[in-house]
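Each chain, written out:
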Amino acid sequence: MKKLFTKLMCFVLSIACLLTATACGEGGKNTGEAIDESKTQLYVGLVSNGYGKSWLEAAEGRFQELYKDYQGEGGKQGVQVIIDNVAYGGTLISSIQNVRAQVIFTGETVLNNWASANHMVNIDAMVKESLSGLTNGEETGSIEDKMTEDVRALYKYNGEYYALPYVTSAFGLSYDKDMFERNKFYLAAADPEGGDYTASGDATFGYDFVDGEMFTVKSSGPDGIPDTEDDGLPATYDQFFAVCAEIKTVTGVNPILWGGRVEDYIKSFLGALQENAAGKDFEALKRTFNDVDTPFVTGYTDLNGNNKPDVGELTLEDTVEDIVSGTPEYLWKHESFFYALYFLEEIIDRGYIHSGSWDNTLSHLGAQEYFLKGTVENPPKGFDKVAMLVEGSYWENEATLYFNAMGRNNEEHKKENRNLGWMPLPHPLTDEAFKDAVDNDAVPNATYNVMDTALGFVNPHTTTNTKQRDLAVDFLQFMYTEEALQDFTVETSLTRPMSYSLEGRWDEMTEFGKSYVKHFQKADLVAGQKSEFTSKNSIILSSYDNFYTSGISKEKLPSRVFKDGDKTAWQYFNGMSTYYQGYSWIR
Amino acid sequence: MENLSNVTVVKSDGQMKKQKLKTWGFYISVVALPLIQFCIFYIGVNFNSFFMAFQQFKPNSMVVESWTFDNFRELYRQWSGVDITLKNALKTSLFGFGVNVLLGMTSGVLFSYYIFKKMPLYSFFKIVLFMPSIISSMVMTMAYQYFMIDGVTAIAEVFGKTLEPGYMFSTKALIGGESSIITRSLLSVVIYNVWVSFGTQILMYVGAMSGIPEGTIEAGQIDGVNAIREFWHIVLPSVWSTFVVFLTAQIAVIFTNQMSLMNFGAGTGVNTIGYHIFKNMERITRKAGNYPELTLYSALGIACSAIAIPITLGVRWLLTKFGPSEE
């Protein structure tokens with residue numbers, strides 16, 4: 001009996017050891033949906049991330065209806081779309097041949113790498129083809145027509161299309177419009193009757209806020225145009241600091257929050273501040289390294305006597321330096337890098353950072369929950385008031401659980417009823433310089449780099465059969481019709497770097513989604529094929545990881561460097577270019 | 001020959017062979033999968049890592065372009081340049097090792113002796129000290145962080161002191177200049193690592209101490225040996241070989257020890273060589289554009305191994321040759 005028991009236990013343990021073998025073979029199967037044997041299955045791989053899959057499900061039904069008479073093999077009629085989970089491209093590339101998905105939407109996928117290894121189907125003809133057939137004549141243009149020349153270049157290999165954009169998102173600040181309204185945090189216009197909608201007041205004597213009595217009209221905001229989405233929001237760094245000071249005075253807490261556990265989000269925030277301060281031309285330079293002249297910082301003039309450089313005090317070299325012919329250090333002497341660090345230093349030094357940002361236990365989801373609960377009129381116990389969240393624009397999707405939980409107790413707190421907004425980053429300009437820009441119709445646009453590694457493509461390994469491939473290509477094409485693009489934006493509150501209208505669908509979006517999309521549609525998008533020079537120097541140019549300083553370990557985030565008073569932004573900025581003095585471009 | 005009750009059964013050669021075959025078949029079926037996994041994920045991976053240190057990849061891929069010593073040159077350039085990331089990582093690794101040995105291992109032996117002698121509350125301490133080895137490390141680090149951040153703040157308030165948010169994980173240097181590694185954050189991380197190391201140590205040491213003949217202990221007590229002398233002259237020599245194993249293992253992992261940093265999240269400002277390699281590997285493998293950097297970190301791994309291996313073997317030899325013996 002004992003021997004039998006021993007043998008049985010050994011057998012059970014052996015089987016248990018074999019359980020690890022389940023990791024082998026096809027990954028990402030969706031075992032939840034029952035297969036309809038009467039239809040042809042079309043497997044769509046989607047990476048699990050903050051974008052969710054409701055956008056895909058919204059279009060899936062229409063595609064299945066459109067293809068209800070599709071004649072498949074073995075007498076099958078109709079198509080069944082099944083969504084599988086797949087990994088990000090960096091991981092997926094090693095297992096792509098074992099994945100059953102025929103159409104894939106994923107991130108961190110370098111197109112050249114995938115296309116050259118024959119892991120993507122050539123879809124050039126499809127992208128250039130009219131959408132008239134798929135849309136019953138509603139659309140006559142092609143998918144290519146929806147993209148600018150620069151953007152098109154991102155999805156081509158050897159001059160032909162192999163992928164399409166999955167998504168492009170941004171990093172920055174979110175706020176609660178109701179909280180701003182309730183507490184009077186919107187900046188007032190200086191002289192609306194006289195046509196001056198810039199912010200009333202100044203950094204020295206203070207700004208005026210809309211109070212419904214003396215000041216009733218909001219300022220024009222960062223875009224310099226009245227009656228737009230960003231009215232009343234800070235347009236310059238000084239205005240932003242003033243709004244933070246006002247928030248701190250009224251609510252008693254520090255207004256800006258990021259998850260302490262994901263403090264490296266600071267790198268993304270710095271990146272967003274930098275590209276916004278740099279503008280399209282400089283950001284494009286980092287892609288192509290075409291001979292674009294750009295001035296660099298040589299020093300500063302202490303105009304206000306505070307012994308440090310502020311906005312408008314930098315000295316720029318008059319003669320231009322061709323960055324390519326020199327050494328990399330000149331790239332890091334661009335003023336945008338200083339302004340990003342300066343902004344971060346100021347909000348830390350002035351005490352505008354919420355304590356949760358230094359709390360290692362507060363995850364990004366925890367910070368989202370904190371923001372959602374801290375911005376309502378009466379935050380629940382355990383939640384301080386907070387005003388602004390530092391996050392990616394996809395955070396609204398990630399926070400669905402919290403919206404649902406809050407919505408169960410109060411209808412007004414449901415996702416569709418919350419009045420949240422995307423706050424455009426302010427400009428590194430003095431108030432006078434901003435006013436001049438408004439008067440001369442020269443207000444800089446917000447700038448975003450297109451995420452060129454978030455792609456939608458057809459998997460050649462699972463579409464070896466012409467019929468299968470045609471179906472997969474048709475589905476991918478369908479996902480870029482006007483209605484499907486609208487579905488994507490309505491469901492995710494995110495955009496693709498393509499031109500499409502949301503007329504008639506705005507009401508389906510959340511306030512946050514509308515706010516973000518309206519802002520994004522006016523922004524400058526930086527795209528274009530990276531040059532061979534750029535690819536060769538990718539180690540030097542990898543953006544977010546290069547915010548470090550001479551004399552400080554890379555592991556100490558800039559936020560901590562400023563919090564601990566190790567270095568000033570000016571020292572940090574100079575340290576970055578000092579580091580690169582030892583480097584040479586790889587030619 | 002096999003006895004079955006009082007009957008002697010003689011097996012034929014064929015039956016013996018069959019029996020042997022079955023036995024071997026059983027052994028092979030049990031070890032086959034772990035052996036294959038070992039071959040692929042240990043031997044294969046380490047060989048691949050070794051060769052990668054001498055390779056250069058083509059841009060955006062893992063296709064070998066050339067064989068070169070450039071990775072080691074780049075490593076030296078990073079080490080001797082203005083960026084002190086590697087130097088600080090090394091300092092932190094050595095600091096963590098030092099605290100683990102001086103505080104962790106010595107305390108481990110002493111706590112084990114306390115438990116072995118069944119001193120007051122020894123069962124309670126046995127459970128508490130072993131708990132980190134049972135509970136998920138993610139849960140442990142989160143609970144520890146909550147205590148160090150919120151708990152310590154609450155305790156300080158009881159004594160009338162208000163601490164700044166995140167006090168116990170402050171990255172401000174306590175001693176030395178701005179590039180000093182000694183911060184409250186580092187101390188909090190190190191204390192955690194010392195605490196979680198007790199579980200396995202106690203298990204092994206108490207087990208080794210239990211192997212000391214009772215007569216030896218009693219003889220010592222009869223001779224009037226006090227607890228300290230008993231520990232020094234009887235117990236420690238008995239567990240010396242276990243101590244050497246632990247110490248050798250600590251030295252061997254100086255450069256791979258991540259000190260649970262991946263569980264602590266970003267913002268600790270603490271970095272060890274092992275964590276530095278891990279973080280960069282994670283960053284690199286997420287984007288094919290970064291693949292060519294893999295070879296640099298392979299070179300770092302080789303360099304660390306070249307230092308750790310002789311030290312580990314040397315220390316082990318020294319301790320074995322000159323350490324106390326039971327005689």
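Residues numbered from 1 in each chain as written. Chains lettered and ligands numbered in written order. Predicted model: local features only at pLDDT ≥ 70, side-chain atom pairs only at ≥ 80, totals over all residues. Heavy atoms only, no water.

**Considering the sheet that holds strand E12 (residues 256–257) of chain A**
Residues and elements named next belong to chain A.
Turning to step 1, where the next piece is worked out: Strand order across the open sheet formed by four strands is E12-E15-E7-E16, with mixed pairing between neighbours. The sheet is open, and its two borders are formed by E12 and strand E16 (420–423), each paired with just one other strand.
Turning to step 2, where the next piece is worked out: Contacts between helix H9 (residues 265–278) and the sheet are confined to strand E7 (171–176) and strand E15 (388–392), with E7 contributing the most and set at about 95° to the helix. (Pairing = 2+ DSSP bridges. Helix = DSSP H or I, 4+ residues; strand = E, 2+ residues; numbered from the N terminus. Contact = heavy atoms within 4.5 Å. Axes fitted to C-alpha atoms, helices over the stretch in contact; angles between N-to-C directions.)

**Thoughts on the nonpolar core**
Turning to step 1, where the next piece is worked out: The biggest cluster of nonpolar side chains holds 207 residues, and the ones touching the most others in it are Phe105(A), Ile123(A), Tyr166(A), Phe240(A), Ile256(A), Ile347(A) and Met388(A).
Turning to step 2, where the next piece is worked out: Here the element with the most residues in this core is helix H8 (residues 227–252) of chain B; it accounts for eleven residues.
Turning to step 3, where the next piece is worked out: In this structure, Ile115(B), Tyr144(B), Phe169(B) and Phe264(B) belong to the second largest nonpolar core, which totals 27 residues. (Core = buried A, V, L, I, M, F, W, Y, C linked by side-chain atoms within 4.5 Å. Buried < 20%, exposed > 50% of the residue type's maximum accessible area, 1.4 Å probe, protein only.)

**Points about the pattern of salt bridges**
All names here are of chain A.
Turning to step 1, where the next piece is worked out: Scanning the entire structure with this criterion turns up 31 salt bridges over all chains.
Turning to step 2, where the next piece is worked out: In this structure, Glu-411 engages Lys-414 in a salt bridge whose closest nitrogen and oxygen atoms are separated by 3.2 Å.
Turning to step 3, where the next piece is worked out: Its salt-bridge partner being Asp-566, residue Lys-556 comes within 2.5 Å of it at the nearest N-O pair. With a gap of ten residues between them, Lys-556 in the loop between helix H20 (538–541) and helix H21 (558–563) and Asp-566 in the loop between H21 and helix H22 (569–579) connect regions that are remote in the sequence.
Turning to step 4, where the next piece is worked out: For Lys-556, a relative accessible area of 11% translates into the label buried. (Salt bridge = Lys/Arg side-chain N within 4 Å of Asp/Glu carboxyl O.)

**Considering the interface of chain A and chain B**
Put simply, an interface is often sized by how much accessible area is lost when its parts join up.
Turning to step 1, where the next piece is worked out: Each partner contributes to the interface: chain A provides 39 residues, whereas chain B provides 44 residues.
Turning to step 2, where the next piece is worked out: Summed over both sides, the interface between chain A and chain B buries roughly 3700 Å², with carbon and sulfur atoms accounting for 50% of that surface.
Turning to step 3, where the next piece is worked out: Inspection of the chain A/chain B interface yields one salt bridge.
Turning to step 4, where the next piece is worked out: Ionic pairing is found between Glu164(B) and Lys563(A), a salt bridge with its closest N-O pair at 3.4 Å. (Buried area = accessible area lost by both parts, 1.4 Å probe.)

**Considerations on the side chain of Ser180(B)**
Residue and element names in this part refer to chain B.
Turning to step 1, where the next piece is worked out: With respect to the helices and strands, Ser-180 occurs in the loop between helix H5 (137–158) and helix H6 (184–210).
Turning to step 2, where the next piece is worked out: Accessibility expressed as a relative area gives 19% for Ser-180, which makes it buried.
Turning to step 3, where the next piece is worked out: At 2.6 Å, the side chain of Ser-180 and the backbone oxygen of Ile-175 are in polar contact.
Turning to step 4, where the next piece is worked out: With residues near it in sequence (within four places) discarded, Ser-180 still touches Ala-173 and Ile-175. (Polar contact = N/O pair within 3.5 Å; in protein donor to acceptor, adjacent residues only side chain to side chain.)

**What to know about the sheet that holds strand E18 (residues 455–458) of chain A**
Residues and elements named next belong to chain A.
Turning to step 1, where the next piece is worked out: The five strands lie next to each other as E2-E1-E3-E18-E6, forming an open sheet whose pairing is mixed. The sheet is open, and its two edges are formed by strand E2 (79–86) and strand E6 (164–165), each paired on a single side.
Turning to step 2, where the next piece is worked out: The pairing of strand E1 (residues 40–47) with strand E3 (residues 103–106) spans three bridges and is classified as parallel. Across the sheet, residue Val-44 finds its bridge partner in E3, namely Val-103.
Turning to step 3, where the next piece is worked out: Lying on the sheet, helix H2 (residues 54–66) is in contact with E1, E2 and E3; it crosses E2 at an angle near 160°.

**What to know about the environment of Leu186(B)**
Residues and elements named next belong to chain B.
Turning to step 1, where the next piece is worked out: Residue position: Leu-186 is located in helix H6.
Turning to step 2, where the next piece is worked out: A sequence separation of 96 residues divides Leu-186 from Glu-282, and the C-alpha atoms of the two residues are 22 Å apart.
Turning to step 3, where the next piece is worked out: Non-local contacts of Leu-186, meaning those with residues more than four positions away in its chain, are made with Thr-92, Phe-95, Ile-181, Met-259 and Val-270.

**Overview of the pairing of E7(A)**
Residues and elements named next belong to chain A.
Turning to step 1, where the next piece is worked out: Burial of E7 is extensive: six of the six residues sit out of reach of the surface.
Turning to step 2, where the next piece is worked out: Judged from the five bridges that link them, E7 and E15 form a sheet pairing that is antiparallel. Across the sheet, the residue bridging to Gly-172 is Glu-391, located in E15.
Turning to step 3, where the next piece is worked out: For E7 and E16, the ladder comprises four bridges, and the chain directions are antiparallel. Paired with Ser-174 across the two strands is Trp-422, which belongs to E16.

**A look at the confidence of the model for chain B**
Residues and elements named next belong to chain B.
Turning to step 1, where the next piece is worked out: Here chain B averages 86 in pLDDT, and 93% of its residues register 70 or above.
Turning to step 2, where the next piece is worked out: Mean pLDDT values for the elements of chain B range from 52 in strand E1 (residues 2–4) up to 92 in helix H3 (residues 85–116).
Turning to step 3, where the next piece is worked out: This complex was scored by the predictor with a pTM of 0.87 and an ipTM of 0.78. (pLDDT = per-residue confidence, 0-100.)

**As for the packing of helix H11 (residues 335–349) of chain A against H22(A)**
Residue and element names in this part refer to chain A.
Turning to step 1, where the next piece is worked out: It is the contact of H11 with H22, at a shortest axis distance of 9 Å, that shows an interaxial angle of 145°. Judged by the sense of rotation from one axis to the other, the crossing of H11 with H22 is right-handed. Of H22, the residues touching H11 (which contributes Phe-337, Phe-338, Leu-341, Tyr-342 and Glu-345) are Ala-569, Trp-570, Tyr-572, Phe-573 and Met-576.
Turning to step 2, where the next piece is worked out: Residues that form the contact of H11 with H22 fall into these classes: nine nonpolar, no polar and one charged. (Left-handed = near helix turned anticlockwise from the far one by under 90°. Nonpolar A, V, L, I, M, F, W, Y, C, P; charged D, E, K, R; others polar.)

**Considerations on the packing of aromatic side chains**
Residues and elements named next belong to chain A.
Turning to step 1, where the next piece is worked out: Counting across every chain of the model gives 68 aromatic pairs over all chains.
Turning to step 2, where the next piece is worked out: The interplanar angle of 85° and the centroid separation of 5.6 Å between the aromatic rings of Tyr-51 and Tyr-166 together place this pair among those described as edge-to-face. In this pair, Tyr-51 is assigned in the loop between E1 and H2 and Tyr-166 in the loop between E6 and E7, connecting sequence segments 115 residues apart. Accessibility classification places Tyr-51 together with Tyr-166 in one group, the buried group.
Turning to step 3, where the next piece is worked out: Ring geometry for Tyr-300 versus Trp-570: centroids 5.1 Å apart, planes at 80°, classification edge-to-face. Of this pair, Tyr-300 sits in strand E13 (residues 297–300) while Trp-570 sits in helix H22, and the two are 270 residues apart along the sequence. (Phe/Tyr/Trp six-rings, centres within 6.5 Å; stacked < 30°, edge-to-face > 60°.)

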